[in-house]
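The residues making up each chain are set out below.
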Amino acid sequence: MVTVALDHGQTAPHIATDARPRQASDRFGFARWSPLVALICFLVAATAAWGDPLDDDTRRLAKQLQCPVCEGVSVADSPSELAGQMRAVIRRKLEQGETDTAILGYFTERYGDGVLVKPPRHGVGLGLWLGPLAVLVAGAGFLAFTVRRWLRTRPMAAGVARRTVLIPPDQRLSPTPTVVGDVYLERAQRELDAVRQDR
Amino acid sequence: MADFGHVVILATVVLAIYTVAAGPTGLRLRAPELLDSARNGVLAVAVMLTIGSGTLLAAFLVHDFSIRYVAEHSSRDMPASLVAAAFYSGQQGSLLYWAWALSIFAAIVVVQNRRVNQALMPYVQSILMTIVGFFAVVLAFVASPFEKLPIPPAEGLGLNPLLYDTGMLYHPPMLLGGYMSWSVPFAFAIAALITGRLDAEWLKATRRYSLVAWAILGTGNLLGAWWAYRVLGWGGYWGWDPVENSAIMPWFLGTAFIHSAMIQERRGMLKVWNIVLVLVTFFLCIFGTFIVRSGVISSVHSFAQSGIGPWFLGFLSLVVVGSLGLLFYRLPLLRSDNHLDSVLSREASFLLNNLLFVALVFATFWGTVFPLVSEALQGIKLTVGPPFFNQVNGPIMLGLVFLMGVGPMMPWRKASSRHLLSNFVSPLAFGLALSLVLIALIGFDHPPALVVFFTCAFVAATIFQEFWRGTIARHQSTGEAYGEAFFELVRRNNRRYGGYVAHLGIVVIAAAVTASTFYQLERQVKLSPGEAVEIGAYRLTFTGIRESRQPSVRVVEANLVLDNSGGSGEVVRPDKRFFRNFERQPSTGVAIRTTALEDLYVVLVGWDPDGSASFLVYVNPLAVWLWIGGVGTVMGGVISLWPAPAPGMTAVRRPVRALVASEA
């Protein structure tokens, strides 16, 4: 591997001008923090000036636009020339104080609604948003209907049928005929099922 | 070499066609020899495709540039591992890989079922061989990987720079393998429809295969996300791109199937529904295989387009029409054995799970094809980007996560309110407590995110409660130490506890995705050497840019010194790589510094002659947990797959007293 200089003269990795002060000894107490604090304040201010807030705004807007000449990439992330020009336009318009909606409107006017990453909720675009909702509602309705039918036509609904079961006299605990509800039979059956299933 | 490969593919076509016919004919004529012959036909197809694939692989490894596919996808200076991976980097090779992997899977299925499922197997074989045969026909006549170049070039074109990554070694084979492996449950479902044997038999036979397919497809998706995160350089891992969508849709629907299959197995309900789920999952797999290649819908994956679109569309329509026709023909046989007993039951929660999964798949599908719909209706090709999917799929997925906490706690058939109370009080309390702590820590900026975190905490608590109760119960009944009791609990009830592990993995993923979506920090800056950018708890000082050259690639690397509040002095090195023949599409080397809490993610965007450079810097909270959760989910699947100890064996091995105690 050969390391060569870039064409534009930036040779060896540039060592940053060290922004941090040397640590003072403890004798100076609280005072040792002040240069550090001052420097950090300065640095924050400096980076804020450098990392122009417009950059972040431009990016935020560019993310809402689809690059018209690429495949599935937003204007913010596209390396294409057109996307670069669009970013420049966004930036210029932001500098002129235009609002977000005005800028997005400018682009939809020129490229159509297809340029928006998030389709509009009107016209055809409405269908996009309503489709899943419709399926969910229809599915829920169908499910509710089916479940109701299932619950109603259950082979033997608990508590509905009560039948007199005659227990032979020699097995009776009391001398009178005993009524055994199907509720209990069914419950016993269920518990047996449950035990079997859990095995 | 090229001719040999071509002949092998042609022979595969012939063999596959013979095998498709042999099994059912053998059944009709009551000729066991023909059944044996069909079985051997499957094995022979597997051997043939292995030879064919081996030939192509060998052509790659010896740099036989007389084969067009090899010349267009590799070069001499690529590392051997990537030369081998270039096998599936284009469309012909990935179709060959698909067919080969399916033939191997089919052979495994045939061998495993040589003594069982005799009524279904002849048809299963036929259907699998139909699918393999279709691919073989495409490989032989439409998109041959063995096409020759009239004048072999001295050097190949090399690999598309986007694919120049370790991700290339794992993601494509896993994803294509996932698509391929859903063919097996599909084949069983169709065989059940043809034979009319529609009880739980086919479901029992496919349970393992579906889980394997689910795990492979899930891993493929996970690896895709991981690759995108490391290579694409936009700070995220999932862009709801059409190709991503078509890869995740069959996985969602397959997940729904794995759940609703349990209702049929236990209660004999939802027979039609399960067949539909398997069929549609397979349709989506073919759709996914096809969409990557077709260029119908614009996508970042559009490096591999071709004219095989009509073939796939034709095959897909044939499969859809044929299998739905069969389904309607068999509808009378698909009555439920049982009915629902209560809305508060495991069955009901599975129904809700299925509803949500179907809505999720539909929303994803709808968003993916909507540009085509709007173009057809109004002539405007609308764009459906991530915001739609996040806003629509997000809440549905939240509902699913919530169900993961509620569903498994519900007993089959009917739950009592006392039962519910005893199961949900402490998890709810835990969720609330954690939410309060979170509000104190990170504030109330994103209420939806807090709702997700609450749900995740609640679900995780229900799962831990299950493990805890099971372990205690086992400890008390068998006297095993806690560690052993825990291990045995999972081993003996692996289906159930494997499911819990998978659920836990999903909870972790949900939390990670939410954190990295709502709380991501992002800055775009232009720095001169010596200047710094601050983001979150980090300060990065740009120290300069340098360039290095290797034979086939030029790398421009920026150095940034990290001054993490502790002052660590670590250097972060994002870069751009310019590959020979692809100078106009540099690939991005993202610098990612991972900690348990967050990832610092730095992308070099560009540089100027004056030595300044622009960067995109992100902080992605909890990003690493996405991968951890993903591995956990797949592991859960593997645990459920693991053969449980046979009941007879355990009874003998366990001391009698322990047995009595546990029965009591």
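About the criteria used
The numbers attached to residues start from 1 for each chain and follow its sequence in the written order. Whichever chain is written first becomes A and whichever ligand is written first becomes 1, with later ones labelled in order. The model is predicted, so local features are restricted to residues of pLDDT at least 70 and side-chain atom pairs to those at 80 or more, both for listing and for counting; the totals for chains, interfaces and linings are taken over all residues. In computing side-chain values, all of the structure's heavy atoms are included and hydrogens and water are not. Here a helix means four or more residues in a row that DSSP labels H or I, a strand means two or more in a row labelled E, and each is numbered from the N terminus. The cut-offs for exposure are 20% and 50% of the maximum accessible area for each residue type, with area from a 1.4 Å probe on protein chains only; residues under the lower value are buried, those over the upper are exposed, and the others partly exposed. It only takes one pair of heavy atoms within 4.5 Å for two residues to be counted as in contact. Two strands form a pair only when DSSP identifies at least two bridges running between them. Axes here mean lines fitted to C-alpha atoms, for a helix over just the part in contact, with angles spanning 0 to 180 degrees between N-to-C directions. In these notes, a set of buried Ala, Val, Leu, Ile, Met, Phe, Trp, Tyr and Cys residues joined through side-chain atoms within 4.5 Å is what counts as a nonpolar core. Roughly parallel means an angle under 35 degrees; roughly antiparallel, over 145; roughly perpendicular, 65 to 115; everything else is oblique. Crossings are assigned a handedness: left-handed for a near helix turned anticlockwise from the far helix by less than a right angle, right-handed for a clockwise turn. Residues were grouped as follows: Ala, Val, Leu, Ile, Met, Phe, Trp, Tyr, Cys and Pro as nonpolar; Asp, Glu, Lys and Arg as charged; and all remaining residues, including Gly, as polar. The working definition used for a salt bridge is a side-chain nitrogen of Lys or Arg within 4 Å of a carboxyl oxygen of Asp or Glu. A helix is expected to reach a length of 1.5 Å times the quantity of its residues less one. Along the chain, pLDDT gives the predictor's confidence residue by residue, from 0 to 100. Only rings of Phe, Tyr and Trp enter the pairing, Trp through its six-membered ring, and a pair is recorded when the two centres are within 6.5 Å. The plane angle decides the type: under 30 degrees is stacked, over 60 is edge-to-face, the rest tilted.

(A) Spotlight on the overall build of chain A. Along chain A, the regular secondary structure elements total six helices and three strands. Relative to its 199 residues, chain A shows a buried fraction of 26%. In chain A, of all internal contacts separated by at least 6 residues, the share reaching a separation of at least 24 is 38%.

(B) Region of the structure containing the side chain of Ser349 of chain B. Mapped onto the elements, Ser349 of chain B comes out in helix H13 (residues 346-378). The residues touching Ser349 of chain B, leaving out its near neighbours within four places in the chain, are Leu403 and Gly407 of chain B.

(C) Representation of the sheet that holds strand S10 (residues 613-621) of chain B within the structure. Residues and elements named next belong to chain B. Reading across the sheet, the four strands line up as S1-S10-S9-S8 and stay open at both edges, with antiparallel pairing between neighbours. Pairing within the sheet leaves two strands with one partner each, and these edge strands are strand S1 (521-527) and strand S8 (591-594). Across the sheet, the axes of successive neighbouring strands diverge by a mean angle of 15°, strand direction being ignored. As judged from the four bridges shared by S8 and strand S9 (residues 598-607), these two strands associate in the antiparallel manner. Bridged to Arg593 within S9 is Leu600.

(D) Broad picture of the nonpolar core. Residue and element names in this part refer to chain B. Residues Trp98, Ile131, Phe186, Phe188 and Trp202 are the most contacted members of the largest nonpolar core, which totals 153 residues. Each residue touching Phe186, except ones within four places of it in the same chain, is listed here: Ile127, Ile131, Val278, Leu279, Phe282, Phe283, Val319 and Ser323. Among the nonpolar cores identified, the runner-up in size contains 29 residues, and Val401, Leu420, Ala449 and Phe453 belong to it.

(E) Seen up close, the packing of helix H15 (residues 417-442) of chain B against helix H16 (residues 447-478) of chain B. Residues and elements named next belong to chain B. Where H15 meets H16, the closest approach of the two axes is 8 Å, and the angle between their N-to-C directions is 140°. By the angle between their directions, the pair H15 and H16 is classed as oblique. H15 and H16 meet at a crossing whose hand is right-handed. Residue classes in the contact of H15 with H16 are distributed as 14 nonpolar, seven polar and one charged.

(F) A look at the pattern of salt bridges. Residues and elements named next belong to chain B. The tally for this structure, following the rule as stated, stands at 26 salt bridges over all chains. Between Glu466 and Arg496 there is a salt bridge whose closest N-O contact spans 2.9 Å. With Glu466 in helix H16 and Arg496 in helix H18 (residues 494-518), the pair connects residues that are 30 residues apart, well separated along the chain. With a relative accessible area of 9%, Glu466 lands in the buried category. Here Arg496 falls in the partly exposed class, since its relative accessible area comes to 45%.

(G) Structural detail: helix H5 (residues 91-112) of chain B. Between its first and last C-alpha, H5 of chain B extends 31 Å over 22 residues, near the 32 Å set by a 1.5 Å rise per residue. Counted residue by residue, H5 of chain B has 17 buried out of 22 residues, so it is predominantly covered.

(H) Layout of the confidence of the model for chain B. Residue and element names in this part refer to chain B. Counting all residues, the mean pLDDT for chain B is 86, and 94% of those residues have values of 70 or more. Mean pLDDT across the elements of chain B ranges from a minimum in helix H21 (residues 656-663), with 45, to a maximum in helix H19 (residues 623-641), with 94. Note on residues 648-664: pLDDT under 50 across the span, and 10 contacts to partners over four residues away in sequence or across chains. The ipTM value of the predicted complex is 0.76, and its pTM value is 0.82.

(I) Layout of the confidence of the model for chain A. The pLDDT averaged across chain A works out to 66; a share of 52% of its residues lies at or above 70. Ignoring residues within four places in sequence, the model shows residues 156-166 of chain A, a span with pLDDT below 50, making 16 contacts including any to other chains.

(J) How the structure looks around the packing of aromatic side chains. Evaluated as defined, the whole model comprises 40 aromatic pairs over all chains. Their ring planes at 55° and their centres at 5.8 Å tell us that Tyr229 of chain B and Trp627 of chain B sit as a pair that is tilted. Here the residue Tyr229 of chain B occupies a position in helix H9 (residues 201-231), and Trp627 of chain B occupies one in helix H19, the gap between them amounting to 398 residues. A residue is classified by how much of its surface remains accessible, and Tyr229 of chain B, at 2% relative accessible area, is buried. Take Trp627 of chain B: its relative accessible area is 15%, and that puts it in the buried class. Between Trp238 of chain B and Trp240 of chain B the ring centres are 6.0 Å apart and the planes differ by 85°, which places this aromatic pair in the edge-to-face class. In this pair, the class of Trp238 of chain B matches that of Trp240 of chain B, namely buried. Among the aromatic side chains, those forming a connected cluster through ring pairs are Trp129 of chain A together with Trp238, Trp240, Phe388 and Phe389 of chain B.

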